[in-house]
Amino acid sequence: MASLLVLGAGKLALGDMLFILISFVLLTALVKKFAWGPVTKMMDARSEKISGDLDYADQERARADKLAKEREDALKNSRAEAIDIVNKAKENGEDQKKTIMADAHSEAESVRQKAKSDAERAKQEAMKDAQNDIASLSLEVASKVIAKELNANDQKSLIDSYIKELTVNNETK
Amino acid sequence: MDDKYKFIDFLGLRFNVANDLSALISAIIVFVFVYSLSRKVTMRPGKAQNVLEWIIDFTNNIIKSLMPDAAVKQFGLYAFVLFTFVFFANQLGLIFQVKVGGYTYIKSPTTNPMVTMALALISLLISHYYSVKKFGFGGYVSNYVKPVGFLLPINILEEFTNFLTLSLRLYGNIFAGEVLLALIGTVAKSFGVVSLVVALPLEMIWQGFSVFIGAIQAYVFTTLSMVYISRKLEQE
């Protein structure tokens, strides 16, 4: 075996080196075509897909987070809005109640006032009428008293005439 | 040790039949191995694809630890083929050796220095080729006088020592393993049944250890090849 290494021994198998070189290059070419090429291509594709999927997952998660936040905000807002609406409705109701009450009050007041003034006027008119009647009656009585002497005939005739007058008056009425 | 080999002289070159035949068989085994593992290449790898990808990742990581990631595309295939070829070549002689009429025909091809030198030559040729490609011929030559001029003889000498250590380390390890296997085999035959009983476990242990050494040496050979390539590709 050692003789193989001794230069000039005349037995140096240089052909082996050539043979190994050629077979190794051939082996490399074949491995590349049938195994290395497809497998590394698939490995690259896989690593690309994985990083792509990871990126996609990150994006999706960020989007989901944003959506959840938006929804939460909307929910919070809607709750505040609902409270606002209820409060406003309450206020409105209160206001309306107050105005209705005030209106009713004032109307009742005016009705009462009117009734009072009507009654007053009616009373006044009645008084005036009564006064007029009394005055005319007393005037008539006075004129009757003055027109006749106080004797029995006269008195009788007076009374008769008066009664007659009354009857006439009554008949004409 | 005292093996005899058939030689063929062809076109002025001498071919050792045992080396060439075993190298060819190793290459065929490597090809059949990776071919059978890469039949169904899918996005979700099956068992076979996983094994192949594990080996590819293994050799790619050797490169990644020494060079920038871009180098994996350049040398990944070479490192993978080199590793698998050397690994199977180392194991071949442990599994079977064929001797016909006193002549050895099949053994580990890496038990011969000519074979390991051929492999080391490929590695170093690649390192020089890519160095010239990267720095230009002027830059490549000027790398010999860096970092200081007086290191020129040492740098030149280093090229030869790199070549010799790379090839002879592999050869020495595998050759020694098979020598010891053969020695234990001789012991087994020496005193009949008694020595056979003693030698059999020894042989088995040593065979297991040789498998381990074969794997380690394949890894070392690939790693050192990549180290030499990476050193040629960086400016000192």
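The notes below deal with the structure included here. (Residues numbered from 1 in each chain as written. Chains lettered and ligands numbered in written order. Predicted model: local features only at pLDDT ≥ 70, side-chain atom pairs only at ≥ 80, totals over all residues. Heavy atoms only, no water.)

**Looking at the overall build of chain A**
So, step 1. Along chain A, the regular secondary structure elements total 2 helices and 0 strands.
So, step 2. In chain A, which comprises 173 residues, the proportion classed as buried is 12%.
So, step 3. As displayed, chain A has an accessible area near 14200 Å², and 60% of this comes from carbon and sulfur atoms. (Helix = DSSP H or I, 4+ residues; strand = E, 2+ residues; numbered from the N terminus. Buried < 20%, exposed > 50% of the residue type's maximum accessible area, 1.4 Å probe, protein only. Areas by Shrake-Rupley, 256 points an atom, 1.4 Å probe, with all protein chains shown as cover.)

**Some remarks on the sheet that holds strand E5 (residues 103-106) of chain B**
Residue and element names in this part refer to chain B.
So, step 1. With mixed pairing, 3 strands are arranged side by side in an open sheet as E1-E5-E4. Looking along the sheet, the strands with just one partner apiece sit at the ends: strand E1 (4-5) and strand E4 (98-100).
So, step 2. Most of the contacts of helix H1 (residues 17-37) go to E5, to which it runs at about 20°, and overall it touches E1 and E5. (Pairing = 2+ DSSP bridges. Contact = heavy atoms within 4.5 Å. Axes fitted to C-alpha atoms, helices over the stretch in contact; angles between N-to-C directions.)

**A closer look at the packing of H1(B) against helix H3 (residues 71-95) of chain B**
Residue and element names in this part refer to chain B.
So, step 1. Closest axis-to-axis distance for the H1/H3 pair is 9 Å, and the angle between their directions is 120°. Judged by the inter-axis angle, H1 sits oblique to H3. Between H1 and H3 lies a crossing of right-handed hand. Residues Ser-22, Ala-23, Ile-25, Ser-26, Ala-27, Ile-29, Val-30, Phe-33 and Val-34 of H1 pack against Phe-80, Thr-84, Phe-85, Phe-88, Ala-89 and Leu-92 of H3.
So, step 2. A breakdown of the residues in the contact of H1 with H3 according to their chemical character gives 12 nonpolar, 3 polar and no charged. (Parallel < 35°, antiparallel > 145°, perpendicular 65-115°, else oblique. Left-handed = near helix turned anticlockwise from the far one by under 90°. Nonpolar A, V, L, I, M, F, W, Y, C, P; charged D, E, K, R; others polar.)

**Here we look at the side chain of Ser123(B)**
So, step 1. Along the chain, the position of Ser123(B) falls in helix H4 (residues 113-142).
So, step 2. Among residues more than four places away in sequence, those in contact with Ser123(B) are Tyr78(B), Leu82(B), Leu166(B), Ser225(B) and Ile229(B).

**Details of the interface of chain A and chain B**
So, step 1. With 32 residues of chain A at the interface, the matching set in chain B holds 47 residues.
So, step 2. Taking both sides of the interface into account, the surface hidden between chain A and chain B amounts to around 3800 Å²; carbon and sulfur atoms contribute 82%.
So, step 3. With a shortest N-O distance of 3.5 Å, Lys73(B) and Asp44(A) are connected by a salt bridge.
So, step 4. Counting across the chain A and chain B interface gives 4 residue pairs in polar contact (both at pLDDT 80 or more).
So, step 5. Among the residues making up the side of chain A that touches chain B, the classes are represented as 23 nonpolar, 3 polar and 6 charged. (Buried area = accessible area lost by both parts, 1.4 Å probe. Salt bridge = Lys/Arg side-chain N within 4 Å of Asp/Glu carboxyl O. Polar contact = N/O pair within 3.5 Å; in protein donor to acceptor, adjacent residues only side chain to side chain.)

Keep in mind these values describe shape, not function.
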